[in-house]
Amino acid sequence: MRRLLFLSFFLYSAIAFTQEDNFWDNVRFGGGIGFGFGFGSNNTTLSISPAAVYDFNDSFSLGMGIGYSYNKNDSFKSNIISPNIFILYRPIREIELSSDLQQMYVHRKSDSFSEKYNYPALNLGFSYRMGNVSLGVQYDVLYDKNKSIYASAFSPIVRVFF
């Protein structure tokens, strides 16, 4: 976590001090929110993931964000915090390739157990871009079925930046 924060601070500082007055003209903010409720059962999922991205040019961007997710299913609960750094590359305006390095901090508990652990995730993705929205799929090359909070190494991409 310290390394990720240090790297984020270093990258932000390097960008901020090497740019002219138009630095903030190249910054976009966005992220995502999610929720799910099980009807007839006690299932709840809530998530939020704000992010900022700096556009070096029309093809290359660097960003960072943090995510939080809460899941509850009967007596099982989990809280996940996931800071990340990502790179976006657009060979053409509509196609976006991405690399997203995350560190997942997981706290899971139920009536019979409680555990805290963390693990890295490196997602490589491909998405189709329509204005401020990108839709696609990504693959976690570091996927570990014993630690991951996801059922598969594949997951959807939904990005919105303004």
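Everything here concerns the structure above.
Thresholds, definitions, all that
Residues numbered from 1 in each chain as written. Predicted model: local features only at pLDDT ≥ 70, side-chain atom pairs only at ≥ 80, totals over all residues. Heavy atoms only, no water. Pairing = 2+ DSSP bridges. Helix = DSSP H or I, 4+ residues; strand = E, 2+ residues; numbered from the N terminus. Buried < 20%, exposed > 50% of the residue type's maximum accessible area, 1.4 Å probe, protein only. Contact = heavy atoms within 4.5 Å. Polar contact = N/O pair within 3.5 Å; in protein donor to acceptor, adjacent residues only side chain to side chain. Phe/Tyr/Trp six-rings, centres within 6.5 Å; stacked < 30°, edge-to-face > 60°. 1 Å grid on protein atoms, 1.4 Å probe; cavity = no way out; pocket = protein on both sides within 12 Å on 5 of 7 lines; lining within 4 Å. Points joined across faces, edges and corners; volume = space filled by probe spheres on them. Nonpolar A, V, L, I, M, F, W, Y, C, P; charged D, E, K, R; others polar.

Asks: Quick one: what's the story with the pairing of strand β5 (residues 95–109), residue by residue and with numbers?
Replies: Two strands pair when backbone bridges link them, and strand β4 (residues 76–92) and β5 are joined in this way by 12 bridges, in the antiparallel orientation. Following the sheet pairing, Asn 79 is matched in β5 by His 107. In textbook terms, the turn of a hairpin is the stretch between consecutive antiparallel strands, and for β4 and β5 this stretch comprises 2 residues. As judged from the 15 bridges shared by β5 and strand β6 (residues 114–130), these two strands associate in the antiparallel manner. In the strand pairing of β6, Gln 102 is matched with Ala 121. Hairpin geometry of β5 and β6 is characterised by an intervening segment of 4 residues between the two adjacent antiparallel strands.

Asks: Now, about the environment of Leu 88: what can you tell me, with residues and values included?
Replies: Examined against the element boundaries, Leu 88 turns out to sit in strand β4. Residue class for Leu 88 comes out buried when judged on its relative accessible area of 0%. Spatially, the C-alpha atoms of Leu 88 and Ser 59 are 7.9 Å apart, while their sequence positions differ by 29 residues. If sequence neighbours within four positions are ignored, Leu 88 has contacts with Val 53, Ser 59, Phe 60, Ser 61, Glu 96, Leu 97, Ser 98 and Arg 159.

Asks: Got a sec to walk through the environment of Lys 77? Specific residues and values, please.
Replies: Considering the arrangement of structural elements, one finds Lys 77 in strand β4. Linking Lys 77 and Asp 111, residues 34 residues apart in sequence, is a C-alpha distance of 9.6 Å. With near-sequence residues (within four places) excluded, Lys 77 lies in contact with Tyr 70, Asn 71, Lys 72, His 107, Arg 108 and Lys 109.

Asks: Describe the side chain of Asn 84, with residues and values.
Replies: Turning to its location among the elements, Asn 84 is positioned in strand β4. In terms of polar contacts, Asn 84 uses its side chain to reach the side chain of Asp 100, at 3.1 Å.

Asks: Before we move on, could you go through the packing of aromatic side chains and cite the residues and values that matter?
Replies: Two aromatic rings are characterised by how far apart their centres lie and by the angle between their planes. Counted by the stated rule, this structure contains 8 aromatic pairs. Where Phe 86 meets Phe 161, the ring centres are 6.1 Å apart and the plane angle is 35°; that geometry is what we call tilted. Within this pair, whereas Phe 86 is found in strand β4, its partner Phe 161 is found in strand β8 (residues 154–161), the two being separated by 75 residues in sequence. The exposure classification of Phe 86 matches that of Phe 161, with both residues buried.

Asks: How would you sum up empty space enclosed by the protein? Please name residues and give values.
Replies: Summed over all chains, the structure comprises 1 cavity of 30 Å³ or more. What the largest cavity holds in volume is close to 50 Å³. Around the largest cavity, the lining residues are Arg 28, Leu 88, Glu 96, Arg 129, Gly 131, Asn 132, Val 133, Ser 134, Arg 159 and Phe 161. Grouping the constituent residues of the lining of the largest cavity by class yields 3 nonpolar, 3 polar and 4 charged.

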